[in-house]
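# Descriptive structure summary
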Amino acid sequence: MALSCIWLMFFFSLFGHGVLELIEAFHHVYLNVHQTAQYSTSGNQPYRTSYHFQPPNNWMNDPNGPMLRLGIYHLFYQYNPKAAVWGSNLIWGHSTSTDLVNWTPHDPAIYPSQQSDINGCWSGSATILPGGHPVILYTGIDPENRQVQNLAAPKNFSDPFLREWVKFKHNPLLTPNSKNKINATYFRDPSTAWLGSDGNWRVIIGSQKKERGLAILFKSNDFVHWEEAEKPLYSANKDTGMWECPDFYPVLFKSPLGIDTSSNGPDVRYVLKVSFFRTPHDYYMIGTYNPDKDIFIPDNGPFKDSSLRYDYGKFYASKTFFDDKYPLHRRILWGWVNESSSAIDDIKKGWSGVQAIPRSIWLDKSGKQLLQWPIKEIETLRGTQIELPYQVLSGGSVLEVSGLTAAQIDHSIVESFGAEGKACITARVYPTLAINDAEAHLYVFNNGTENIGITRLSAWSMKKAQIN
Ligand code: DQQ
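Scoring rules and cut-offs
- Residues numbered from 1 in each chain as written.
- Predicted model: local features only at pLDDT ≥ 70, side-chain atom pairs only at ≥ 80, totals over all residues.
- Heavy atoms only, no water.
- Near = heavy atom within 4 Å.
- Polar contact = N/O pair within 3.5 Å; in protein donor to acceptor, adjacent residues only side chain to side chain.
- Areas by Shrake-Rupley, 256 points an atom, 1.4 Å probe, with all protein chains shown as cover.
- Helix = DSSP H or I, 4+ residues; strand = E, 2+ residues; numbered from the N terminus.
- Nonpolar A, V, L, I, M, F, W, Y, C, P; charged D, E, K, R; others polar.
- Contact = heavy atoms within 4.5 Å.
- Salt bridge = Lys/Arg side-chain N within 4 Å of Asp/Glu carboxyl O.
- Buried < 20%, exposed > 50% of the residue type's maximum accessible area, 1.4 Å probe, protein only.
- Core = buried A, V, L, I, M, F, W, Y, C linked by side-chain atoms within 4.5 Å.
- Pairing = 2+ DSSP bridges.
- Axes fitted to C-alpha atoms, helices over the stretch in contact; angles between N-to-C directions.

Okay, the site of the ligand next. Around the ligand there are 13 residues in total, and Asp62, Gln78, Arg188, Asp189 and Glu244 lie nearest to it. Residue Asp189 places a side-chain N or O atom 2.5 Å away from an oxygen atom belonging to the ligand. In isolation the ligand offers 310 Å² of accessible surface; the protein chains occlude 94% of this area. Listed by contribution, the elements that provide at least two residues to the shell around the ligand are strand 1 (58-69), strand 5 (121-129) and strand 20 (316-323). The residue inventory of the shell around the ligand, partitioned by class, reads six nonpolar, three polar and four charged.

Moving on to the side chain of Gln369. Of note, Gln369 is situated in the loop between strand 24 (359-363) and strand 25 (370-374). Within the structure, the side chain of Gln369 is placed 3.0 Å from the backbone oxygen of Lys422, a separation counted as a polar contact. Dropping the residues within four chain positions of it, Gln369 is found in contact with Tyr284, Ile286, Leu308, Trp362, Leu363, Asp364 and Lys422.

Another aspect to go through is the pattern of salt bridges. Per the counting criterion, the structure on display carries 24 salt bridges. Among the ionic pairs, Arg382 bridges to Glu379, the shortest N-O distance being 3.8 Å. With relative accessibility at 30%, the residue Arg382 sits in the partly exposed group. On the basis of relative accessibility, which here comes to 29%, the residue Glu379 falls in the partly exposed class. Among the charged side chains, a network of salt bridges with common partners joins Asp198, Arg202, Lys219 and Asp294.

Glancing now at the nonpolar core. One finds Phe53, Leu100 and Trp103 to be the most contacted residues of the largest nonpolar core, which totals 23 residues. Those elements that provide at least two residues to this core are strand 1, strand 2 (72-80) and strand 21 (330-337). Excluding its chain neighbours within four sequence positions, the residues that come into contact with Phe53 are Met60, Leu75, Tyr77, Ser95, Trp103, Trp334, Val354, Gln355, Ile467 and Asn468. Of all hydrophobic cores here, the second largest spans 22 residues; its members include Ile204, Ala229, Leu252 and Phe303.

On to the pairing of strand 5. For strand 5, the tally of buried residues reaches eight of nine residues, placing the bulk of the element in the interior. The turn joining strand 5 and strand 6 (residues 133-141), which pair antiparallel and follow one another in sequence, is formed by three residues; a positive phi near 100° is taken by Gly131.

This part covers the sheet that holds strand 6. Read across the sheet, four strands follow the order 5-6-7-8 without closing on themselves; strand pairing throughout is antiparallel. Looking at strand neighbours, the two that pair on one side only are strand 5 and strand 8 (165-167), the edges of this open sheet. When the angles between neighbouring strand axes are averaged without regard to direction, this sheet yields 30°. Relative to strand 6, strand 5 runs antiparallel, the two sharing seven bridges. Paired with Gly124 across the strands is Tyr138, a residue of strand 6.

Written out as structure tokens, the structure is:
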């Protein structure tokens, strides 16, 4: 009784009186999912990471619905509870943290239980509504394998971990149909919604029409009834293929501070990121958003092969959220880092996929590109430090830095941040010798012909985080 009252009060304030009778909370216990998710990988695991986020076993891909609520960070993720490879029948895994470094696992949050997601719960995003209530929009795969958009909300708002989620009884909210002419296999991954000064919510959804990617814009005044805008927020002018996981958010000009997704104003620029299914890479553009006309005008024209990327290695289906945990004000970026190994190797080791270390992301002073840096909290894992003083590395020479063990280079992933966050490259590596307790060697190469002065070189061993 108490629970349904909370639901009613919540939806009363959220959706207004007329919509109340449409809402009904329910939750099926999907026994099979819970049982399977208990198993963990076993045996020799030299490539599992120590401080990159991974579930205990099986396949993980996109980060979903990251958010901060009441001092607790939530990360949901695309998870196959039954295998170490992708399967269309995906669910949302869920973990929480107070520092973005150590993570506690929870039961899966969203899994097939309605006609509108019976063939899989694909990617989506969280939006914090006025009053601090989070809701999730996500893509469901329906019985005809159409991609449709669904709404879910926490069952119990007084649970700080938001462990149980219930779905809107009248899902789906949005369907591809003959009227809107949206292709049913290219309609997915709702972004975090933002609120315009006209009181209407906006959300973008990834799609393609005639091989050209587009971010379709929908508007709503109650978060339940959505109308397609006359024009997409942005669309490609050439064959890019499907745009997945679009993300649209404001950044401050000449400040590294993050701002809420619905903020606007004279010092604000906008970022549109889309994940190109074909390549697969995450590209972004910086530009101006006109909230009256609901169009985005990129500074440097349409997407092209030379457009900016978040990361020049493996990093895909990323998503940001606004973090205002006191005293912070920052935007955090999550991104999925796939394996480079074969599916056969992944099945053998029993898992696949990690998340990159969450990164702070902000606009460079030039306004021309974004900067990224691993969140400060990751430094709490630093152990023994090795520090080399100023020295000159002559052209063609190699400097060896010893004293680290293999267990300290996070086993199978290397994330590099160059030029104070201007260029990021993430790679998967599967060493065969430098594993477990074997000694690792760190080398600094100067492959050029000129001598180079190294002002300072610091390296740390890293402690293990508590992850799931
Ligand atoms: N992964 C999800 C889709 C999304 C894709 C399915 C991106 O919703 O488009 O697992 O990696």
